[in-house]
Amino acid sequence: MRLDRFIANNTGLPRKEACLLIKQGRISCNNAVIQQTAFKVGADDLVELDGDTIKDPTHLYWMMNKAQGIVCANHDSEHPTVFDSIDKTAIHPALRQNLQVAGRLDKDTTGLVLITTDGQWNHTVTSPHKTIGKRYRVELAESITEEAILQIEAGIALRNEPQACKPAQISLFSPNSCLLTIHEGKYHQVKRMFAATNNRVVKLHREAIANIKLDTGLKPNAYRALTQDEIHCL
Ligand code: URA
């Protein structure tokens with residue numbers, strides 16, 4: 001990679017400023033001052049600015065306990081977004097614009113949201129080709145019928161959807177509340193699954209994605225870094 005691009009990517013500085021630093025003789029590569037902006041940097045090279053190492057900023061992986069009324073979008077003109085709760089000053093400038101939600105929730109759904117700067121990891125969480133379980137606590141307007149349970153467990157067909165859902169697991173708490181684990185992420189999937197059984201979701205809360213369980217100590221809209229085990233469990 002060109003030296004000016006390497007500096008811009010890893011500091012968040014505009015390319016023009018990176019070029020200036022190089023021309024000013026403030027950048028060294030493997031202890032030799034380099035003043036050519038097009039100099040090629042290798043993966044193992046030590047690049048320094050005024051003697052301080054410039055290295056790849058490491059990716060961020062967080063869980064948030066999303067509150068009701070918050071949207072999982074980068075910008076929204078009407079509603080607060082999950083990113084409004086994040087202290088961006090603590091994030092390396094080169095990573096700030098890469099913050100992304102790995103698996104959105106509806107505005108009225110609460111619970112576990114994963115936020116990362118790592119696009120590949122996001123893809124692992126959300127890829128339709130993976131069968132990662134997402135567990136929801138669901139409250140319904142009507143009692144859940146025996147027939148509805150059988151349909152959901154077999155893979156229920158949704159309106160305007162050519163393919164039925166994958167089989168899901170359901171366990172009842174009460175006649176009108178349950179835990180539901182689904183293995184895909186279709187648009188409004190849980191609400192549409194119960195709508196297909198002539199029922200209506202009145203409260204939806206995501207508790208877990210794979211083995212990443214929402215930390216019950218997190219207040220609404222609070223977030224924390226994932227542990228290495230949580231990052232790698234997918
Ligand atoms: N299914 C829904 O219907 N809504 C969500 O927010 C998540 C899953």
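Residues numbered from 1 in each chain as written. Predicted model: local features only at pLDDT ≥ 70, side-chain atom pairs only at ≥ 80, totals over all residues. Heavy atoms only, no water.

**Examining the packing of aromatic side chains**
- A full pass over the atoms with the stated rule returns two aromatic pairs.
- Arranged with centres 5.2 Å apart and planes meeting at 80 degrees, the rings of Tyr-61 and Trp-121 form a pair that is edge-to-face. Of the two residues, Tyr-61 sits in strand β5 (residues 61-66) while Trp-121 sits in helix α4 (residues 119-126), which places them 60 residues apart along the sequence.
- Geometrically, the ring pair formed by Trp-62 and Tyr-223 is tilted, given 4.9 Å between the ring centres and 50 degrees between the ring planes. Placement of the pair is Trp-62 in strand β5 and Tyr-223 in strand β13 (residues 223-225), with a sequence separation of 161 residues. (Phe/Tyr/Trp six-rings, centres within 6.5 Å; stacked < 30°, edge-to-face > 60°. Helix = DSSP H or I, 4+ residues; strand = E, 2+ residues; numbered from the N terminus.)

**Description of the domain arrangement of the protein**
- Split by domain assignment, the protein resolves into domain 1 (3-53), domain 2 (61-128 + 212-232) and domain 3 (134-209).
- For domain 1 versus domain 2, the distance between C-alpha centres works out to 32 Å. (Domains from an automatic or database assignment.)

**Describing the site of the ligand**
- With respect to spatial proximity, the complete set of residues near the ligand consists of Leu-105, Asp-106, Thr-109, Tyr-136, His-188, Gln-189, Val-190, Lys-191 and Leu-204.
- Between the ligand and Thr-109 there is a distance of 2.9 Å, counted from an oxygen atom to a side-chain nitrogen or oxygen.
- Against a free-state accessible area of 240 Å², the protein chains account for coverage of 95% of the ligand.
- In this structure the site holding the ligand corresponds to the largest pocket.
- If you tally residues by element for the shell around the ligand, the top one is helix α6 (residues 189-195), at three residues.
- A breakdown of the residues in the shell around the ligand according to their chemical character gives four nonpolar, three polar and two charged.
- If you count residues domain by domain, the shell around the ligand takes at least three from each of domain 2 (61-128 + 212-232) and domain 3 (134-209). (Near = heavy atom within 4 Å. Polar contact = N/O pair within 3.5 Å; in protein donor to acceptor, adjacent residues only side chain to side chain. Areas by Shrake-Rupley, 256 points an atom, 1.4 Å probe, with all protein chains shown as cover. 1 Å grid on protein atoms, 1.4 Å probe; cavity = no way out; pocket = protein on both sides within 12 Å on 5 of 7 lines; lining within 4 Å. Sits in = over half its atoms within 2 Å of the grid points. Nonpolar A, V, L, I, M, F, W, Y, C, P; charged D, E, K, R; others polar.)

**Concerning the packing of helix α1 (residues 3-11) against helix α2 (residues 15-23)**
- Look at α1 against α2: their axes get within 8 Å of each other, and the N-to-C directions meet at 120 degrees. Here α2 runs oblique to α1, going by the angle between their axes. Two packed elements cross with a definite hand, and for α1 against α2 that hand is right-handed. Taken together, the residues of α2 that come into contact with α1 (itself represented by Leu-3, Asp-4, Arg-5, Ile-7 and Ala-8) are Arg-15, Ala-18, Cys-19, Leu-21 and Ile-22.
- In terms of residue class, the contact of α1 with α2 is made up of seven nonpolar, no polar and three charged. (Axes fitted to C-alpha atoms, helices over the stretch in contact; angles between N-to-C directions. Parallel < 35°, antiparallel > 145°, perpendicular 65-115°, else oblique. Left-handed = near helix turned anticlockwise from the far one by under 90°. Contact = heavy atoms within 4.5 Å.)

**Topic: the sheet that holds strand β3 (residues 47-49)**
- With antiparallel pairing, the four strands of this open sheet are ordered in space as β2-β1-β3-β4. Edge positions in the sheet fall to β2 (32-33) and β4 (52-53), since each has one partner strand and no second. (Pairing = 2+ DSSP bridges.)

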